[in-house]
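Working through the structure, step by step
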Amino acid sequence: MHDTFRHGGDIYGYSQPVLDFSANLNPMGFPAGIPQAILDSLAQGEHYPDPFCRQLIQALSHHEQVSPEWIVCGNGAADLIYRFVWAIKPKQALLLAPCFSEYEQALKTVGARSVHYALEADQHFSLTEQILTALTPDLDCFVLCNPNNPTGLLIEPELLRAILEASAEAGILVILDECFLDLTDRPEPYSGKSLLEQFPNLFLLKAFTKTYAMAGLRLGYGICSDLALLQAVQSCGQPWPVSSIAQAAGIRALQDSNYLPKSRRLIHTEREFLKEQLCSRNLLLWDSQANFLFFQAWPNLEQELRSHGIMIRSCHNYPGLDPTYYRIAVRPRTENQKLIQAMKQIGGNHASNSP
């Protein structure tokens, strides 16, 4: 059963503490006020949580500058992916390859057929306007991740608009996963948020998981201007999808106005440090703009690093990738240095084994 887990972050199978580069969380850790917010929320623990997340949605509405009616909250972004799929029950969906595996897993639960659009290595795994030819009326939905996971590459704003226009014309609903976008250097120009009113076929997906390093608390949200679709998504989950603890933590996280600017500066600095170090090891590296890096090395690197107490994400189970591809989170400098030092100890620069 455990072998079916397809993601990073499973630190619980280790007898000793590990450095986790396999989960792409904000390296700042969660905002300083979160522990106290959690403790304060325990006083309400005997009551059911607010099923409609009223206070949290008001805080999100202010933070995102969108109508509160456009927001639905869930038990992490993964919960909302499944609820969206259950709400629309698509027969056929378009996915990029490679991309986050949970999209396809959710589609399988309703018997949907997944069509993979291959991002090519010789085009640097970039999404180009060629994708527009794949947006045909036989599709019910198209799932995009911006920046893409695992490559960390952003979709150009002009291309995103063209995709939404072509999708609307073909009657295709678009899930745009922006769970990592707030951790890029300049998220605003690349977000689909300004397009929500014009394109009610757009469902924007975001999460506190990555942005505020709250993976264990499970809190995500969707934004869409189609109120009927939002109601359907809301109805496809349990009555109390978000705990009182997670709601309180989310409200407190949004109050820290300095947290995200500090996070972006830290991530930019450490991402560039890791890029420089990996390139100096003669590894093939893609120009990620996210809080993680995608690179190609030798096939056994993941297992070798485990012996040093370090977890990274092998990308062998992403469609279109093989065991030489890896993803690592951007972590604080002391952890990043330990990763690089371990890679040096494993076998020099591995120049003869590099792709």
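What comes next concerns the included structure. Note that the coordinates shown come from a computational prediction; the quantities given were computed from them, not determined experimentally.

Quick word on the pairing of strand β13 (residues 325-329)
- When you tally the buried positions in β13, you get 5 out of 5 residues, the bulk of the element.
- As judged from the 5 bridges shared by strand β10 (residues 292-296) and β13, these two strands associate in the antiparallel manner. Counterpart to F292 in the pairing with β13 is A329.
- Bridge count for strand β12 (residues 313-314) against β13 is 2 bridges, and the pairing is antiparallel. Counterpart to R313 in the pairing with β13 is R327.

Some thoughts on the side chain of R313
- Among the structural elements, R313 can be located in strand β12.
- E302 is the oppositely charged side chain nearest to the buried, salt-bridge-free R313, at an N-O distance of 6.8 Å.
- Polar side-chain contacts of R313 include one of 3.0 Å to the side chain of N317.

Focus: the sheet that holds β13
- Reading across the sheet, the 4 strands line up as β9-β10-β13-β12 and stay open at both edges, with antiparallel pairing between neighbours. The sheet is open, and its two borders are formed by β9 (284-285) and β12, each paired with just one other strand.
- Relative to β10, β9 runs antiparallel, the two being bridged by 2 bridges. For L285, the partnering residue across the bridge sits in β10 and is F295.
- Contacts from helix α9 (residues 259-280) reach β9, β10 and β13, with the element oriented near 10° to β10.

Basis of the calculations
- Counting from 1, residues in each chain are numbered in the order their sequence is written.
- Since the coordinates come from a predicted model, pLDDT governs what is reported: local features require at least 70, and pairs of side-chain atoms require 80 or more to be given and counted, while whole-chain, interface and lining totals use all residues.
- In computing side-chain values, all of the structure's heavy atoms are included and hydrogens and water are not.
- Residue burial is assigned from relative accessible area. The probe radius is 1.4 Å, only protein chains are included, and a residue is buried under 20% of its type maximum, exposed over 50%, and partly exposed in between.
- Starting at the N terminus, helices and strands are each numbered in turn, a helix being any DSSP run of H or I of at least four residues and a strand any DSSP run of E of at least two.
- For two strands to count as paired, DSSP must find a minimum of two bridges between them.
- Counting rule applied: Lys, Arg positive; Asp, Glu negative; His and chain ends not counted.
- By definition, a salt bridge exists where a carboxyl oxygen of Asp or Glu is found within 4 Å of a side-chain nitrogen of Lys or Arg.
- Pairs of N or O atoms are called polar contacts if they sit within 3.5 Å, as long as, within protein, a hydrogen donor faces a hydrogen acceptor (for residues adjacent in sequence, only side-chain-to-side-chain pairs).
- Here, two residues are considered to be in contact whenever any of their heavy atoms come within 4.5 Å of each other.
- Where helices are involved, their axes are fitted lines through C-alpha atoms of the stretch in contact, as for all axes, and angles between N-to-C directions lie from 0 to 180°.

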